2 protein chains.
Amino acid sequence: MRMSELSTTTGVAVPTLKFYLREGLLHSGERTSPNQAQYDETHVERVRLVRALLEVGNLSVAQAARVVGALDADMPLSSVFGIAQRAVSIPSPIDNDRDVDADALPGVGATLIAELCERRGWRVHANNPGLALAARVLDTYAALGLESITTTVLEPGADAAQLVASADLAAVASAAPDPAEMTRVVAVGTVLGDSLIAGLRRIAQEAESFRRFPLPEGTPTPAPLTAAAIAAELDEDC
Amino acid sequence: MRMSELSTTTGVAVPTLKFYLREGLLHSGERTSPNQAQYDETHVERVRLVRALLEVGNLSVAQAARVVGALDADMPLSSVFGIAQRAVSIPSPIDNDRDVDADALPGVGATLIAELCERRGWRVHANNPGLALAARVLDTYAALGLESITTTVLEPGADAAQLVASADLAAVASAAPDPAEMTRVVAVGTVLGDSLIAGLRRIAQEAESFRRFPLPEGTPTPAPLTAAAIAAELDEDC
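Predicted model, so just to flag it, every value in this text is computed and none were measured.

1. A look at the relation of the copies chain B and chain A
Each of the two copies of the chain can be brought onto the other by a rotation about an axis and a shift along it.
Then, number 1: Mapping chain B onto chain A leaves a residual RMSD of 0.0 Å; the transformation is a rotation of 180° accompanied by 0.0 Å of translation along its axis. A rotation of that kind, with that shift, is consistent with a two-fold axis. Relative to the rotation axis, the C-alpha of Ala160(B) is the closest in chain B, positioned 2.1 Å from it.
Then, number 2: Counting the interface residues of chain B, we find that 100% of their copies in chain A are interface residues as well, pointing to one common contact surface.

2. Some words on the pattern of salt bridges
Then, number 1: Inspection of the entire model under this criterion finds 22 salt bridges over all chains.
Then, number 2: One salt bridge in this structure joins Arg201(B) and Asp168(A), with 2.9 Å as the shortest N-O distance. With one member in each of two chains, Arg201(B) in helix α9 (residues 179-212) and Asp168(A) in helix α8 (residues 147-174) form a pair that bridges those chains. A single burial state applies to Arg201(B) and to Asp168(A), both of which are buried.

3. Focus: unusual backbone geometry
The phi angle of most residues is negative, glycine excepted, and most peptide bonds adopt the trans form.
Residues and elements named next belong to chain A.
Then, number 1: The omega angle of the peptide bond from Ala-176 to Pro-177 is 5°, so this bond is cis rather than trans.
Then, number 2: Assignment of secondary structure puts Pro-177 in the loop between α8 and α9 (179-212).
Then, number 3: A positive phi angle is found at Asn-58, which is not glycine, with a value near 60°.
Then, number 4: Checked against the element boundaries, Asn-58 lands in the loop between α3 (41-56) and α4 (61-72).
Then, number 5: The class for Asn-58 is buried, based on a relative accessible area of 18%.

4. A closer look at the side chain of Arg46(B)
Then, number 1: Tracing the backbone shows Arg46(B) in helix α3 (residues 41-56).
Then, number 2: Excluding residues that lie within four positions of it along the chain, Arg46(B) makes contacts with Leu25(B), Leu26(B), His27(B), Val68(B), Leu71(B) and Asp72(B).

5. What to know about α8(A)
Then, number 1: The end-to-end C-alpha separation of α8(A) is 40 Å, in line with the 40 Å expected for 28 residues at 1.5 Å each.
Then, number 2: The largest bend in α8(A) comes to about 40°, at Val153(A), with the proline Pro156(A) one to four residues further on.

6. A word on the nonpolar core
Then, number 1: By size, the foremost hydrophobic cluster in this structure holds 71 residues, and its most contacted members are Ile113(A), Tyr141(A), Tyr20(B) and Leu200(B).
Then, number 2: The element that contributes the greatest number of residues to this core is α9(B), accounting for 12 residues.
Then, number 3: Contacts of Tyr141(A), omitting those with residues within four sequence positions, involve Leu146(A), Glu147(A), Ile149(A), Thr150(A), Val188(B), Gly189(B), Leu192(B), Gly193(B) and Leu196(B).
Then, number 4: Of all hydrophobic cores here, the second largest spans 69 residues; its members include Met3(A), Ala187(A), Val188(A) and Trp122(B).

7. Describing the environment of Thr190(A)
Then, number 1: Here Thr190(A) is to be found in helix α9.
Then, number 2: Ignoring any residue separated from it by four or fewer positions in sequence, one finds Thr190(A) in contact with Phe81(A), Ala84(A), Gln85(A), Val88(A), Val185(A), Arg201(B) and Gln205(B).
Then, number 3: Within the structure, the side chain of Thr190(A) is placed 2.6 Å from the backbone oxygen of Val186(A), a separation counted as a polar contact.

8. Observations concerning the confidence of the model for chain A
Residues and elements named next belong to chain A.
Then, number 1: On average, residues of chain A score 86 in pLDDT, and 91% of them are at 70 or above.
Then, number 2: The secondary structure element of chain A with the lowest average pLDDT is helix α10 (residues 227-237), at 78, and the one with the highest is helix α1 (residues 3-10), at 96.
Then, number 3: This stretch, residues 90-106, has a pLDDT under 50; its non-local contacts, to residues over four places away or in other chains, come to 29 contacts.

About the criteria used
- Residues numbered from 1 in each chain as written.
- Chains lettered and ligands numbered in written order.
- Predicted model: local features only at pLDDT ≥ 70, side-chain atom pairs only at ≥ 80, totals over all residues.
- Heavy atoms only, no water.
- Least-squares fit on C-alpha atoms with pLDDT ≥ 70 in both.
- Contact = heavy atoms within 4.5 Å.
- Salt bridge = Lys/Arg side-chain N within 4 Å of Asp/Glu carboxyl O.
- Helix = DSSP H or I, 4+ residues; strand = E, 2+ residues; numbered from the N terminus.
- Buried < 20%, exposed > 50% of the residue type's maximum accessible area, 1.4 Å probe, protein only.
- Expected span 1.5 Å × (residues − 1).
- Bend = angle between axes of the 7 residues up to and from the residue.
- Core = buried A, V, L, I, M, F, W, Y, C linked by side-chain atoms within 4.5 Å.
- Polar contact = N/O pair within 3.5 Å; in protein donor to acceptor, adjacent residues only side chain to side chain.
- pLDDT = per-residue confidence, 0-100.

Spelled out as structure tokens, the structure:
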């Protein structure tokens, strides 16, 4: 198909497709004349994947390029996991502005996380991006005098992470033995899974909040949800 | 204390503090002369909170301003939850570039999430930001032909979310009956909790991946973690 058709099929405008090509997010089509190239199903699939990484996974173009690069490079699963995991560890937008000595932080986070891994028998490499991510949050709770959050949340959080990780790996295993499909599940599931869990956590928080802190008598409780009501909110977001 | 002292105490440079003041992230000090103001412990605490929201929570300045605004406005807990929940639903950086008709998505996500809430007795308002967030991820899995991820991950993910949400609310309850402290736990815990869970998920994923897909014979397994090794990675990130 031509680029215009690729655009119609995927719903992505031609200038955006050209941008994907330039940024290495999309492989070139087969050139049929100096000004024309032919695209196929592999391009349709890739465009959909790139859109998902950018728009739903909130990756930057550079991050998405690293993830699709991992898919193309035929890497071992564990490497793809690492790349996908790192892709979503969004660096702070004000990193360049950072003027704080990291040594000023108490460093309790690293100890708590190392102990947690020991206790649970979680054997991982020290460069696993989750270690620093989790340790920094616990350091921050400590710096804010909110150690009570750590005490209350760390163990249930680890239980929750174990549940999700087991399911993540089960999803990968269900795509076996096709290595390309397993890799795709790793990349997409890792990147988008954070948003899914974050979304479910918000829903459960509100439900739990009504349970724990009942509304004043006479306040109407939320109406039962319908798919249509959710779809309306989805449209509004877009 | 003067602004220079506030800077030394918090480790945040004076120009950054002035920026916080201009953006409404920090309340003004008490003016003692046309060019000087005095700051106190409430300023120290607020600067630490703002840093945490910006650098660890990855909020934009506008998002952080909404969260601290909610703290100052003495709002009911459920409203603070809503504002904090919305603050971390990071909009896509390429939203303006979006040229895709939302109606083109199959919309299975909204149905699956409405059914999930019904099944679990989760009563929430239709504008809970988690509903659209989760529904969009499930729509994306469907659009990519990866429904197998949904099948495998949705129920364990909901169990995990329930665990985390119960702990979140227990942390809020543990700060009772001080309403200001409860509000601070809601705001900080909601914003930073996503990163904590995302971090723990990455750790558990790698541990689970070694369990499910053992490395080839002879490959060394990761050395036991130490707090120092994690702290070294933390420093590198900064």
